[in-house]
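Examination of the molecular architecture
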Amino acid sequence: MTTLGRGIRRMRRNMPSIAIDRAQASEIESLLSLYVELFQDREPLTKCIGWSRERMMSIARTMYAGADGNALSQGLGWIARDQARANQDIGFILCDDPAAAPTAALPDDLTAQEMRMVSAVTAWLEAIRSPVQDKLGLAAGTGLHVSAVGVAPGYEGAGIATRLLQTAMADAAARGYRFAFAECTSSPSRRCHEKAGFTSVHRVSGEKLLVAEDGALANSGWDVHLMWKDLANE
Ligand SMILES: CC(C)(COP(=O)(O)OP(=O)(O)OC[C@H]1O[C@@H](n2cnc3c(N)ncnc32)[C@H](O)[C@@H]1OP(=O)(O)O)[C@@H](O)C(=O)NCCC(=O)NCCS
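Presented here is an overview of the structure given in this document. (Residues numbered from 1 in each chain as written. Predicted model: local features only at pLDDT ≥ 70, side-chain atom pairs only at ≥ 80, totals over all residues.)

Before going further, it helps to spend a moment on the overall build of the chain. Within the chain, the regular secondary structure consists of 8 helices and 8 strands. Across the 234 residues of the chain, 32% fall into the buried class. Contacts in the chain between residues far apart in sequence, at least 24 positions, make up 78% of those at least 6 positions apart. (Helix = DSSP H or I, 4+ residues; strand = E, 2+ residues; numbered from the N terminus. Buried ≥ 20, exposed ≤ 12 C-beta atoms within 10 Å, placed from the backbone. Contact = placed C-beta atoms within 7 Å.)

Below, the structure written as structure tokens:
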């Protein structure tokens, strides 16, 4: 169990003490730490890749806070905090605008096996996005990608991920975004997206996509759903 989960009983519904704020660019380090803590050992794709916490953090830093810029400078990240526990960070959502963001940089020191894993995951992402590929080429400010959403174990099932998604979607719609999409790798993830108004438009077997030719990634045994939401009527 992670530090955040220890000592906190599993909660259901009504958590008035949870506040959701847009993450400032200066908070990138705490948001990435939260991402690594909440995804490692829990999110199916991250588990399948199997990198250590330290390796995940160094790769996340290069991708989201590297020379190509700070992922939060577009104002597309939010953090959920528990006001009853000294504003402890307990959840986050990180989005990006694929048409506006530069191609994410990769660390120079990736091993050959890590590079093969990255290539396999990139191919997987392209395949899952294929039905909407034409829409992703539209102008910046049109389509929003939900890169990651996570909630600490002791806080699951209380609707916090749904609230994070709703906050991000309302803000995106107010800024003129017309649609949002996400790749969901588990039932809880799919379910909170559905509750926030997304629908599944494409399903791909993880087994088909996650095995690199040299076996760099094991069979996943789980499916991935491409979730879609029109923001025009938000
Ligand atoms: C996925 C995740 C963000 C959900 O957070 P959350 O705050 O618990 O989500 P919500 O409470 O808003 O909604 C969860 C829904 O999934 C349902 N759910 C929970 N476990 C489930 C399961 N095993 N199968 C099906 N549905 C499940 C809940 O019942 C709830 O739906 P309901 O309100 O209709 O009952 C959280 O589990 C998490 O951080 N997981 C690890 C990281 C991850 O996988 N992120 C998603 C990447 S695609």
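Quick look at the site of the ligand now. Glu156, Ala161, Thr162, Ser187 and Arg191 are the nearest of the 22 residues found near the ligand. When contributions to the shell around the ligand are tallied by element, the ones reaching two or more residues are helix H1 (28–39), strand E5 (143–151), helix H6 (160–174) and helix H7 (187–195). The class makeup of the residues in the shell around the ligand is 10 nonpolar, 8 polar and 4 charged. (Near = placed C-beta within 6 Å. Nonpolar A, V, L, I, M, F, W, Y, C, P; charged D, E, K, R; others polar.)

Let's shift gears to the packing of H6 against H7. Where H6 meets H7, the axes come as close as 8 Å, and the angle between the chain directions of the two elements is 50 degrees. In terms of orientation, H6 and H7 fall into the oblique class. Crossing geometry of H6 relative to H7 is assigned as right-handed. Contact residues: H6 offers Ala161, Thr162 and Leu165, while H7 offers Cys192, His193 and Lys195. Looking at the contact of H6 with H7, its residues break down into 3 nonpolar, 2 polar and 1 charged. (Axes fitted to C-alpha atoms, helices over the stretch in contact; angles between N-to-C directions. Parallel < 35°, antiparallel > 145°, perpendicular 65-115°, else oblique. Left-handed = near helix turned anticlockwise from the far one by under 90°.)

Here we come to the sheet that holds strand E7 (residues 199–205). Strand order across the open sheet formed by 7 strands is E1-E3-E4-E5-E6-E8-E7, with mixed pairing between neighbours. Looking at the sheet topology across the chains shown, the edges are occupied by strand E1 (18–22) and E7. Recorded for the sheet is a direction-independent mean angle of 25 degrees between the axes of neighbouring strands. (Pairing = 2+ DSSP bridges.)

Each turn of an α-helix holds 3.6 residues, which means side chains three or four residues apart point in the same direction. Across its 15 residues, H6 extends 21 Å between first and last C-alpha, which sits within 8% of the 21 Å expected from 1.5 Å per residue. Taken from the residues just after H6, Gly176 is the one with a positive phi, measuring 100 degrees. (Expected span 1.5 Å × (residues − 1).)

Looking now at the nonpolar core. Core analysis: the largest hydrophobic core is formed by 52 residues, its most contacted members being Leu31, Tyr35, Phe92, Ile93, Leu164 and Leu165. A per-element tally of this core places H1 first, with 8 residues. Look past the residues within four positions of Leu31 in its chain and what remains in contact with it is Ala23, Leu72, Gly77, Ile79, Phe92 and Leu94. (Core = buried A, V, L, I, M, F, W, Y, C linked by C-beta atoms within 7 Å.)

Next up on the list: the packing of H1 against helix H3 (residues 53–65). Between H1 and H3, the shortest axis-to-axis distance is 10 Å and the interhelical angle comes to 135 degrees. Here H1 lies oblique to H3, going by the angle between them. Taken as a pair, H1 and H3 cross one another with a handedness that is right-handed. Counted together, Ile28, Leu32, Tyr35 and Val36 of H1 and Arg53, Met56, Met57, Ala60, Arg61, Tyr64 and Ala65 of H3 form the full contact between these two elements. Residues of the contact of H1 with H3, tallied by class, amount to 9 nonpolar, no polar and 2 charged.

In this structure, E5 lies alongside strand E6 (residues 179–184), joined through 4 bridges in parallel fashion. Bridging from a neighbouring strand, Leu144 pairs with Ala180 of E6. Read from E5 through H6 to E6, the crossover connection turns out right-handed. The pairing of E6 with strand E8 (residues 223–230) spans 6 bridges and is classified as antiparallel. (Right-handed = clockwise from strand over helix to strand, strands pointing away.)

Another point: helix H4 (residues 112–129). End to end, H4 covers 26 Å across 18 residues, agreeing with the expected 26 Å (1.5 Å per residue, within 8%). When we look at burial in H4, the residues that qualify are Met117, Trp124 and Ile128. The buried residues of H4 occupy an angular sector of 30 degrees when the element is viewed end-on, so they sit on one face. Of the exposed residues in H4, the ones pointing more than 90 degrees away from its buried face are Ala112, Met115, Thr122 and Glu126. (Arc of directions from axis to C-beta.)

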